[in-house]
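Examination of the molecular architecture
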Amino acid sequence: MKLPFLIAAVMLAGNAFAESATTSKSTELMDKASADASIIGTLANQTRVDVMQRNGAWTQVKTSSGQAGWVRMTALRLDATIGSNVAPAAGGNVLGSLMTGGRTSNTGTVGTGVKGLDKEDLRRASPNYSELEKMHANVVGKDGARTFAQRSNLYAANVEYIDQNNIGKRENN
């Protein structure tokens, strides 16, 4: 009977300990986690913020003055923490985040080449079909590419394939 109350207390207390960070450059504060969202403010370089939640390459933050919004993850330097109580994006499991301990350091190497994403972030990721459609609008056919190359004075060059068996080996070695 006491266990449900303990779990609820832990979940509520967890929200009081948001992860903190500092902006690594002047950055725009957006109203949504999207590049085409409205700009609601600008955070100066070295601004201290509390991290509220993450959504892909975006992080929801709150300043000491109470202003909240979304910034690009690359504009933040997260403080070293022993664990993170940052809420996952919509659909995440807060209790599961508490049980797994969350982020343990900022030094992990990620296979995607994006610092700050872990296996759980990648598991929760989902495709953004509207952005994919925008990308398709920029597709250029072979004739369009040839016209652009001629207009820009670009020329074709043949590049030899790299022998995969000799990668990392020096010649005459």
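Relevant structure appears above.
This write-up is about the structure you can find in this document. No experiment lies behind these values; they were computed from the predicted model shown. (Residues numbered from 1 in each chain as written. Predicted model: local features only at pLDDT ≥ 70, side-chain atom pairs only at ≥ 80, totals over all residues. Heavy atoms only, no water.)

**Notes on unusual backbone geometry**
We note that Gln46 has phi near 70°; this positive angle belongs to a residue other than glycine. Relative to the assigned elements, Gln46 resides in the loop between β3 (39-43) and β4 (48-55). Assessed through its relative accessible area of 46%, Gln46 is described here as partly exposed. Even without glycine at this site, Asn153 takes up a positive phi of about 60°. The topology assignment puts Asn153 in the segment after α5 (142-151). Looking at Asn153, the relative accessible area reads 68%, which means it is exposed. (Helix = DSSP H or I, 4+ residues; strand = E, 2+ residues; numbered from the N terminus. Buried < 20%, exposed > 50% of the residue type's maximum accessible area, 1.4 Å probe, protein only.)

**Here's the deal with the environment of Asn45**
Within the secondary structure, Asn45 is located in the loop between β3 and β4. Residues Asn45 and Ala75 lie 30 residues apart in sequence; the distance between their C-alpha atoms is 9.0 Å. A polar contact of 3.2 Å, which involves the side chain of Asn45, links it to the backbone nitrogen of Lys25. Within the structure, the side chain of Asn45 is placed 3.4 Å from the side chain of Gln46, a separation counted as a polar contact. (Polar contact = N/O pair within 3.5 Å; in protein donor to acceptor, adjacent residues only side chain to side chain.)

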